[in-house]
Every structure is written in structure tokens, then in C-alpha cells.
Amino acid sequence: MDEAEASGQVWRDVVRARPTAEQDRDALARLVEADADPFEAELYERAADPQVLSVDRAQRSRAGQYTRHVRRLRERRRREGS
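This part is about the overall build of the protein. Looking only at helices and strands, the protein features four helices and zero strands. Reading the protein from its N end, one meets helices and strands in the order α-α-α-α. Against the compact-globule benchmark of 12 Å for 82 residues, the protein has a radius of gyration of 18 Å, which places it well outside the compact range. For the protein, the spread of C-alpha atoms along the three principal axes comes to 60 × 25 × 20 Å. Counting contacts in the protein only where the partners sit at least 6 residues apart, residues at least 24 apart contribute 57% of the total. Only carbon and sulfur atoms are counted for the fraction: they give 51% of the accessible area of the protein, which is about 6,400 Å². Between the mean site of the 17 positive side-chain charges and the mean site of the 17 negative ones, the protein shows a separation of 14 Å.

Below, the structure written as C-alpha cells:
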């Protein structure tokens, strides 16, 4: 595995491991409801931004697509090698 491939794998692992933007938004909404801290309200507004949600979904989708692509390649090589 070369450096670029390893870096890409690290990125995909981080994307899959982190909470979704929707989970972040919901957690921040609970914090804002509890004490209405201005900083938490600002974080909530950012987390609720449709563009942030869209980027998060796109990153997760890309990471999943690549994982499925690699799995299919391995399966194909295994079948052809047998």
C-alpha cells in the first residue's frame, strides 16, 4: 500500500468512526435547550446548516462506495484465482 492509499484509508476510517452531522446537530440541540449558551447555539446553527449536512452525507457515501469497490475487487480476484 503506497502513502496515498494509506492516507485515503485513514480518512475513510475517520469518516466512518465519527458521529454523523445529524447526531452532532441533535446533541447540540439538547444542549441549547438545556441552557441556551450562545456558543452552543452558534455550534448548533453550523451543525444544522444544510450544506454541512450535505457534505457529511457525501463524505460518508464516498467512503462507503470505495469500501464496496475494494470488496468487489477482492472477491473478483479470489474467483479468478480459484
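With that settled, the discussion passes to the environment of Arg-57. Within the secondary structure layout, Arg-57 lies in helix H4 (residues 50-81). Each C-alpha atom, one on Arg-57 and one on Ala-21, is 8.1 Å from the other, the two residues being 36 residues apart in sequence. Among the polar contacts listed, one links the side chain of Arg-57 to the side chain of Glu-22, at a separation of 2.8 Å.

So, about the packing of helix H2 (residues 21-35) against H4. Their axes nearest at 9 Å, the elements H2 and H4 cross at an angle of 140 degrees. Taken together, the axis directions place H2 and H4 in an arrangement best described as oblique. For the pair H2 and H4, the contacting residues are Ala-21, Glu-22 and Arg-25 in the first and Leu-53, Asp-56 and Arg-57 in the second. Of the residues contributing to the contact of H2 with H4, the split by class is two nonpolar, no polar and four charged.

Turning our eyes to something else, we now look at H2. The periodicity of an α-helix, 3.6 residues per turn, causes residues three or four positions apart to be oriented the same way. Taking 1.5 Å as the rise per residue, H2 with 15 residues should run 21 Å; its terminal C-alpha atoms sit 21 Å apart, in good agreement. Along H2, the residues classified as buried are Ala-21, Glu-22, Leu-28 and Ala-29. One side of H2 carries all its buried residues, which in axial view fall inside an arc of 125 degrees. In H2, those exposed residues whose orientation departs by more than 90 degrees from the buried face are Arg-30 and Ala-34. Each element contacted by the buried residues of H2 is listed here: helix H3 (38-47) and H4.

Definitions and cut-offs
- Residues numbered from 1 in each chain as written.
- Predicted model: local features only at pLDDT ≥ 70, side-chain atom pairs only at ≥ 80, totals over all residues.
- Heavy atoms only, no water.
- Helix = DSSP H or I, 4+ residues; strand = E, 2+ residues; numbered from the N terminus.
- Rg over C-alpha atoms; globule rule 2.2 N^0.38 Å.
- Contact = heavy atoms within 4.5 Å.
- Areas by Shrake-Rupley, 256 points an atom, 1.4 Å probe, with all protein chains shown as cover.
- Lys, Arg positive; Asp, Glu negative; His and termini not counted.
- Charge placed at Lys NZ, Arg CZ, Asp CG, Glu CD.
- Polar contact = N/O pair within 3.5 Å; in protein donor to acceptor, adjacent residues only side chain to side chain.
- Axes fitted to C-alpha atoms, helices over the stretch in contact; angles between N-to-C directions.
- Parallel < 35°, antiparallel > 145°, perpendicular 65-115°, else oblique.
- Nonpolar A, V, L, I, M, F, W, Y, C, P; charged D, E, K, R; others polar.
- Expected span 1.5 Å × (residues − 1).
- Buried < 20%, exposed > 50% of the residue type's maximum accessible area, 1.4 Å probe, protein only.
- Arc of directions from axis to C-beta.

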